[in-house]
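# Tertiary structure, described
Listed below, chain by chain, are the residues.
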Amino acid sequence: MRALVVTAAHEAAVQEVAEPVAGPGQLVVDVDRVGICGTDVEFYTGEMAYLDLGYAEFPLRLGHEWTGRVSAVGQRGDERWLGKRVTGDTMLGCGQCSSCAAGRHHVCPNRYEVGIRGGWAGALAEKVVIPTRFAYEIPEHVSLAAAALVEPGGNSLRAVRAAELEPGRSVLVLGSGTIGLLAAQFALAEGAEVHVGGVREGSLALARELGVAHTHQLAELTHSEPDRFDAVIDCTSNEAMPALAVRLVRPAGRVVYIGLSAAPSLVDTRDIALQDITAVGILSASAGLAGAIAGFASGAVIPDSIVSEVVSLEDVPSRLEGHRGPDAGPGPKVHVDPRLP
Ligand SMILES: [Zn+2]
Ligand SMILES: [Zn+2]
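Numbers given for residues are sequential positions, taken from 1 along each chain in its written order. Naming scheme: in the order in which they are written, chains are lettered from A and ligands are numbered from 1. Totals for whole chains, interfaces and linings use all residues, but because this is a predicted model, local features are given only for residues with pLDDT of at least 70 and pairs of side-chain atoms are given and counted only at 80 or more. Remark: hydrogens and water are excluded; side-chain values derive from all non-hydrogen atoms of the structure.

### What to know about the overall build of the protein
Rules: Helix and strand assignments follow DSSP, with helices taken as H or I runs no shorter than four residues and strands as E runs no shorter than two, numbered in order from the N terminus. When we talk radius of gyration, it's over C-alpha atoms, and the globule rule is simply 2.2 Å times the number of residues to the 0.38. Here the term buried applies to any residue with accessible area under 20% of the maximum for its type, exposed to any over 50%, and partly exposed to those in between, with areas from a 1.4 Å probe on protein chains only. Residues are treated as being in contact if the distance between any of their heavy atoms lies within 4.5 Å. Every accessible area reported is derived by Shrake-Rupley at a probe size of 1.4 Å, with residue values counting cover from the shown protein chains alone. In this count, Lys and Arg are taken as positive residues and Asp and Glu as negative ones, while His and the chain termini are left out. Every charge is mapped to an atom, namely NZ of Lys, CZ of Arg, CG of Asp or CD of Glu.
Secondary structure summary: the protein contains twelve helices and 17 strands in total. Since a compact globule built from 341 residues should have a radius of gyration of about 20 Å, the 20 Å found for the protein is in line with a globular shape. When its C-alpha atoms are laid out on the principal axes, the protein stretches across 60 × 50 × 40 Å. Scored against the burial criterion, the 341 residues of the protein give a buried share of 52%. Restricting to contacts in the protein with at least 6 residues of sequence separation, those with at least 24 account for 67%. For the protein, the computed accessible surface area is about 14300 Å², with 52% contributed by carbon and sulfur atoms. Of the side chains in the protein, 27 bear a positive and 41 a negative charge, and the two mean positions are spaced by 5 Å.

Shown next as structure tokens:
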């Protein structure tokens, strides 16, 4: 089968690789759609911290935001999965350690991450393997675009839950990329007064199309008065934003960190303690996957316009370099159909 392989920093190509086989407790999924994410770009450029930490090494098979149909099962009793539309958790905990036993498999020290950690082949390919216990069924009426946005959707939903919003409460989402826009949509679905801060006017316009009434340029927020929002969710990769989030949240408010900057981002903990602020970090979609599927299935969140274009595997290296096709829409997310020639 064909798969995208990153062989070194800034070197990626479609290769013919062995078809995966489902082992006991595993499913083989024919991939219908897969998203390219900032993490994939960081691996492609060689900047992803896991490369230095030894959690990942080239050659790499990327792709962790995916949907497809189960085409093979690895053990008797799993036949009911055949033909089902699915996505899967990225975080594949070992199932044996104390973290896994406590329901926190997303921080299992022995985990694989699909397309990211430990060499588990990702979904930028015609097929991907997922353990049955980490597979999630997706209703047939959910669009392909939305189905492949369940993983970033789960991340965003967890960030919104961590903000503990109530109807009418104000939340500022810093960043108008995929995670930021999805977080804004889930916050709108909870009835919050949603603000989005970003840089690119096109994605702020998209935020307004999605129903966000208040959009701001980040530079304007940097100079605005403090203590303005009940919660702030940082979805940027800008190292100045974590401290800005603390400045802009009201006393006793909540700050949620889901974005990662390349350089350390410094926050003065006196600002957190003296304002009685709760700061929360979010890693992974795991506990948000079911909720994201439910939100897309009910129509409470319709994320399709976040996708700018659907390209082939052959197009992926150019997209990882940051290029966009001539017909690309304003959305931040590039999707890949591995069957396109
Ligand atoms: Zn991602
Ligand atoms: Zn474990």
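### Notes on helix 5 (residues 150-162)
Stated precisely, the cut-off is as follows: Given a helix with a known number of residues, its expected span is that number minus one, times 1.5 Å.
Across its 13 residues, helix 5 extends 18 Å between first and last C-alpha, which sits within 8% of the 18 Å expected from 1.5 Å per residue. Remark: E164 follows helix 5 within two positions and exhibits a positive phi of approximately 50 degrees.

### Details of the coordination of the zinc ion (ligand 1)
For a metal with four donors in a tetrahedral arrangement, the ideal angle between donors is 109.5 degrees, while six donors in an octahedron ideally sit at 90 or 180 degrees. Worth spelling out the cut-off: A donor here means any N, O or S atom no more than 2.8 Å from the metal (3.2 Å for Na, K and Ca); water is not included, so a site may seem to lack partners.
Around the zinc ion (ligand 1), the protein contributes the donor atoms C37 (SG), H64 (NE2) and E65 (OE), which lie 2.1 to 2.3 Å from the metal centre. Site description for the zinc ion (ligand 1): donor spacing in sequence, C-x26-H-E. Note on H64: relative accessible area 3%, which makes it buried.

### Brief notes about the coordination of the zinc ion (ligand 2)
For the record, the criterion: Note on geometry labels: four donors, all angles 85 to 135 degrees, give tetrahedral; four donors become square planar and six octahedral when opposite donors are over 155 degrees apart and every other angle is between 65 and 115; remaining cases are irregular.
All of the protein donors around the zinc ion (ligand 2) are C94 (SG), C97 (SG), C100 (SG) and C108 (SG); their distances to the metal are 2.3 to 2.4 Å. Seen from the zinc ion (ligand 2), its four donor atoms lie at angles of 104 to 118 degrees, and the figure they make is tetrahedral.

### Here's the deal with the pairing of strand 11 (residues 193-198)
For clarity, the threshold we go by: Here the rule is simple: two strands pair whenever DSSP picks up at least two bridges between them. For the handedness criterion, the strands are oriented away from the viewer, and a crossover whose path from the first strand over the helix to the second runs clockwise is classed as right-handed.
Counted residue by residue, strand 11 has five buried out of six residues, so it is predominantly covered. The pairing of strand 10 (residues 170-174) with strand 11 spans five bridges and is parallel. Looking at strand 11, one finds that L174 is bridged to G197. Considered for its hand, the β-α-β crossover made up of strand 10, helix 6 (residues 178-189) and strand 11 is right-handed. In this structure, strand 11 lies alongside strand 12 (residues 214-217), joined through four bridges in parallel fashion. Considered in strand 12, the bridge of H195 is made with H214. Remark: the strand 11/helix 7 (residues 201-209)/strand 12 crossover connection has right-handed handedness.

### Considering the environment of D271
Tracing the sequence through the fold places D271 in helix 10 (residues 269-274). Relative accessible area serves as the criterion here: at 40%, D271 is assigned to the partly exposed category. Sequence separation between D271 and G38 is 233 residues; the distance between their C-alpha atoms is 30 Å.

### Here's the deal with the packing of aromatic side chains
Short version of the rule: Here a pair means two rings of Phe, Tyr or Trp (six-membered ring of Trp) with centres within 6.5 Å. Their orientation is stacked below 30 degrees between planes, edge-to-face above 60, and tilted elsewhere. By the criterion adopted, a ring carries a charge over it if an Arg CZ or a Lys NZ lies within 6 Å of its centre and within 35 degrees of its normal.
Counted according to the given criterion, the structure contains three aromatic pairs. Against the face of Y50 rests R117, its NZ or CZ located 5.6 Å from the ring centre.

### With respect to unusual backbone geometry
Peptide bonds are mostly trans, and most non-glycine residues show a negative phi. The omega angle of the peptide bond from F58 to P59 is -5 degrees, so this bond is cis rather than trans. Along the polypeptide, P59 turns up in the loop between helix 2 (49-53) and strand 4 (65-73). A positive phi angle is found at D227, which is not glycine, with a value near 60 degrees. For D227, the location among the structural elements is in the loop between helix 8 (218-222) and strand 13 (229-234). For D227, a relative accessible area of 33% translates into the label partly exposed. For S284, which is not a glycine, the phi torsion comes out positive at approximately 85 degrees. Topologically, S284 is positioned in the loop between strand 15 (278-281) and helix 11 (289-298).

### Structural notes on the state of the cysteines
Here, disulfide denotes a covalent bond that connects the sulfur atoms of two cysteines. Defined as follows: In this description, the term disulfide denotes a pair of cysteine sulfurs within 2.5 Å.
Throughout the structure, instances matching the rule amount to zero disulfides. As a non-bridged cysteine, C235 has C37 as the owner of its nearest cysteine sulfur, 13 Å distant.

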